[in-house]
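Here is what each chain is made of, one letter per residue.
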Amino acid sequence: MAAADVRDMLDLPAEVGQPRPHKKQKVVEKRPEGITRELYALLGERAPPIAINENKYKGRPKWMNKLRVRPWRMTPFTNNARSDGLVLNHWQRKHESTRPPVPEGTQMDVDEKKEDEETKQEDKEEASKPLEQEYTFAKYNIKARVPKKYSEEEYNRSLQSKDWDREETDYLMDLAHEYDLRWVIIADRYDYQPKVNSEADANALVPAKHYRTMEQMKARYYFVAATILAIEHPPSEMSEAEFELHERMLKFDPDRERDRKELAALQINRTADEVREEAMLLEELKRITSNEQNFITERRELYSRLEVPISVGNTTAYQSSSGLSQLLQTLLQADKSKKRRSILGPEGGAIASPAGQTPTQANNGISRGETPTTASAASKKGVIPAREAQPIRTLTPAEEARYGVHHHERVTAGVQFRSDRAQKLTQAKSNVQTLKLAGALAELEIPVRLFMPTERVCKEFERLIQAVNLLLDARKVAEKVDSEIRVLEAAKAEREKKSAPGNGHPEVKTEAEDGNGMLDSTADAENDQKDGNAETPKRDGNHKRSASVLSAVSDKSSKRQRR
Amino acid sequence: MNPSNPPQTAEYGGDEVSAIVLDPGYSTTRAGFAGEDAPKSLIPTYYGKYNADGQEKFVYGDDIFVTPRPGLSIHNPIGRDGIVEDWDMAEKVWEHSFTSRLTGAKPGNPFQNGLNDIPSEELPTEMEVESEEKPLADSPLLMTEPGWNPAKAREKTIEIAMEKWGTPAFYLARSGVLAAFASGKASALVVDIGASNISITPVHDGMILKRGVQHSPLGGDYISSQIRALFKKNSPQPITITPHYLISSKNAVEAGQEPQVKFKTFAADKAPDASYRALLEERTLSEFKECVVQVWPGPNKLSATGPNGISNEDAARSSPGRPFEFPDGYNQVFGADRFRVVESLFDAKAAIPDPDSPFPTLPELIKASLAGVDVDIRPHLLANVVVTGASSLLYGFTDRLSQELMAQFPGPRVRISAPGNTAERRFGSWIGGSILASLGTFHQMWISKKEYEEHGANIVEKRCK
């Protein structure tokens, strides 16, 4: 509906100069070419926006019209790789340099005839030209390097072989040349027909044909080639590459090659089961090596962890609850800044856990309720965090032994080795004592350093060392008493010499008995032998009595020694 | 990239000399210009012979299918083993293949068409006279041959090309090598499933390994004979194939019902030979092969039991059948039978016991072929199995072949390369020839007329190794 119609309806004065006819004209002007006037009129005034596509050949862009057509010409050519000079024709672009630039516009028509003549002339020129030109693809005509032909004399001198005669060697060399040393093909096409000497094979209908394997051919060829190479250049004059080649050719071993091929054939003809088994084994091997790798890295990690120097800093600052909480705060801070896995664990940490704590633990101490227990703090105090959630499970002694659970009386900070502790026992205060201990152990054929410092072994070792110590002490005392006895006896003898018998004797006797009893309690056979000769008669009777005395005496004696 | 600029020759090594590639097969003969991607001329190798007005007349090309002339008999110049038997007719059929579409029946004088303006002093004058008659005077010719072509046949071929057709240059290439080239490989194990033969050709560095070449007549025609045997035993009724030319009208019938058909009858002296009927029946059969026949996809043979305890036969039976309507209107849905007709390519026991003695199956052929080549290249060949030939287009063929090969050689990697494009599969060796003859480096291999005259036909043995 046009504006004019609206105005008409509303009795509004029509605008002067409304360009209706003008509009129509415009439309008519716009009428696209592909549509007839009548059809276009049917569309009415306001035609819907239809894009009318004309399927027209686009042709070349305008700028291309300025370009000259570059003519191609069927030109004959010869191939240098051929010996017979075969002339073939192919399309080739004409050489442009010889042509004058094409005149434009009107001149074109005038020149057309002239150009035709020109091209004909050029054709003639060009026809002769490419013949001189090198054919582009001739350079790909290459042959493998084969040794030069040997002469009759050379053959007789150095190439004789009882397996190969001259003709067959020639045949092989020709084939090698013809097929460019492609041995697969040479072996495939090898079909040597020996010349039938009428007398020898006259009675045989089919001459005996013997097949050559590829290895035999290769061996022969390499032998010939190496020999010829050596004749051309004696090995002393060969260049390095030549010498290497020569060596390699001489070292060819047909038997080994044949064995290798047999193995290869076996490899190809495996059954499905064998292939599966091999795949399985390979998988297994892969698993094992990767496990080993893992083990090695884990062990290295463990070592590096163990080698961390033990902190010697003052820990008094962290003894109080406030100190601990401060430590935790700093740790958390560090943790956050590192953006790594939280030390508080995945459940949100111990801060959230007090709600779930059992009342018994709440009673344990307010300090723990307030200061959240980090993993390290908990283990220090012997409390495992998991205990909070799970009921406590007590282990029977048998189970403890099975799982290897130990309860340490006193745990010191840092890592300790059980073997170190055992080691420490063998170190006595004095050097002499240490040596003696070592001697005693050597006598028992126990190494100073334990092979297998398990807990039980260590305990036994400890007991053994204690016993040895005791024994050594006892021996010392015994020696002392012995010497005392000897002194007193000497004195007594002197006294007896001088006068009638005195009353010092019983006193001495008791001391000797005491020493004897003590020896008995250590249950050492050695000392029995040493000291037994003097005291045996009275030993049994004194045994019980002397047991109590023993410790006191030994204590005293050891104290004396230390002093 | 500006399409108006041709690619540099160095980019693809091409240099086209307008050579013609001729790939004669048992069923069809393919010819076209080198450098194109499909043969322009595709004609059946069969030709028709009939007598008219006391004269013997021949029909070539697709015309043989069209008119049932009285006494028309169909022949094939090539024997069932792929070797030419009737050289005179082979020459005529081949000539028809390129004169009908490529060079024109009567080539104009190439010296007057403006394309070959060669200065006259370059050429011997008698050639100008010759070129009037000889159809191939200005095109080098590349022909293909099967890998087991005897030397006699090769020499005869070059004789025809040089003397009868007057080609300036000639080359004879093995179709197996060309099929390998068509899939871009210089070394491959080519499995060619043709009409009369299946052949295995090991190719190494662009040359066949003669001791590994195997062939057996289990081609498309063998499958046809299997299908015929199946039709004979078919239930509810044996099927006879009636070609279209014998049918004047027919009505649609339900599946498995007797056809309602009116036959055309020929008087005894007007009727074409039985071989004409056989040829047209063969056409129906190849349609049947295209639409219905399917290769059991494996794993294992059709007669074996599948992994889940169901025998493969039952599995095949449970798969939906395919309907086929014969020219006389008879139609039927074919179920497991459609797998059975090709099973004998893979499993000798599965052959429908109608025709002929047992032939080595395809896996056996491949095994024998590999046994004939050096052990070092066997894995490489197995990794480059090229499948070509129109009969390899049977549905599911390559899948089954790869299954069989993997079962037979579980160790090495087996990889089958079979172009998905139908034309590339049908014309594999032609395409390879097209590639070869348009290579710049190949032009030194041609046997030129001069060389032929110098050395005689024997040169083909030396050059085309």
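What counts as what
Residue numbers restart at each chain and count upward from 1, following the sequence in its written direction. Chains carry letters and ligands carry numbers; both start at the beginning, A for chains and 1 for ligands, and go up in the order they are written. Predicted model: local features are reported for residues with pLDDT of at least 70 only, side-chain atom pairs are reported and counted for 80 or more only, and whole-chain, interface and lining totals are derived from all residues. As a rule here, side-chain values cover all heavy atoms of the structure and leave hydrogens and water aside. Secondary structure elements are defined from DSSP: runs of H or I of at least 4 residues count as helices, runs of E of at least 2 residues count as strands, and each element is numbered from the N terminus. Classification of residues uses two cut-offs on accessible area relative to the type maximum, computed with a 1.4 Å probe and protein chains only: under 20% is buried, over 50% is exposed, and between them is partly exposed. In short, DSSP must find at least two bridges between two strands for them to pair. Helix axes are fitted to C-alpha atoms over the stretch in contact, other axes to C-alpha atoms as well, and angles between N-to-C directions run from 0 to 180 degrees. The contact criterion used is simple: two residues touch if any of their non-hydrogen atoms lie within 4.5 Å. Defined here as a combined quantity, buried area equals the accessible surface (1.4 Å probe) lost by two parts on assembly, summed across both. Put simply, a salt bridge is a Lys or Arg side-chain nitrogen that is within 4 Å of an Asp or Glu carboxyl oxygen. Polar contact is the term for a pair of N or O atoms within 3.5 Å; when the atoms are in protein, one must be able to donate a hydrogen and the other to accept it, and sequence-neighboring residues count only if both atoms are side-chain atoms. All residues other than Ala, Val, Leu, Ile, Met, Phe, Trp, Tyr, Cys, Pro, Asp, Glu, Lys and Arg, Gly among them, are scored as polar; the first ten of these are nonpolar and the last four charged.

Chemist: Got a sec to walk through unusual backbone geometry? Specific residues and values, please.
Modeler: Residues and elements named next belong to chain B. Positive phi outside glycine occurs at Ser18, with the angle close to 50 degrees. Its place among the elements puts Ser18 in the loop between α1 (9-12) and β1 (20-24). With relative accessibility at 27%, the residue Ser18 sits in the partly exposed group. With a phi angle near 55 degrees, Asp205 is a residue other than glycine that sits in the positive phi range. Tracing the chain through its elements places Asp205 in the loop between β10 (198-204) and β11 (207-208). Look at Asp205 and you get partly exposed, because its relative accessible area is 35%.

Chemist: An account of the sheet that holds strand β4 (residues 47-52) of chain B is requested, with residue identities and associated values reported.
Modeler: Residue and element names in this part refer to chain B. Read from one edge of the open sheet, three strands run β5-β4-β6, paired in antiparallel fashion. In this open sheet, the two strands that pair with only one neighbour each are β5 (55-59) and β6 (73-75). Shown here is a sheet whose adjacent strand axes are inclined to one another by a mean of 30 degrees, direction ignored. One ladder, built from three bridges, connects β4 with β6; its direction is antiparallel. In the strand pairing of β6, Gly48 is matched with Ile74.

Chemist: Go over the interface of chain B and chain A, please, and point to the residues and values.
Modeler: Contacts between the two partners involve 50 residues from chain B and, on the opposite side, 41 residues from chain A. Both sides of the chain B and chain A interface together cover about 3,800 Å² of buried area, and 57% of this is carbon and sulfur. A per-residue breakdown of the area chain B buries against chain A is headed by Arg211, Gln444 and Lys465 of chain B, which together make up 15% of the total. In this assembly, chain B and chain A are joined by six salt bridges. Residue Asp374 of chain B is joined to Lys261 of chain A by a salt bridge in which the shortest nitrogen-to-oxygen separation is 3.0 Å. Scanning the region where chain B abuts chain A turns up 18 residue pairs in polar contact (both at pLDDT 80 or more). Elements supplying a minimum of two residues to the side of chain B that touches chain A: β11, α12 (378-382), β19 (447-448), α16 (449-455) and α17 (459-463) of chain B. Of the residues in the side of chain B that touches chain A, the class split is 20 nonpolar, 16 polar and 14 charged.

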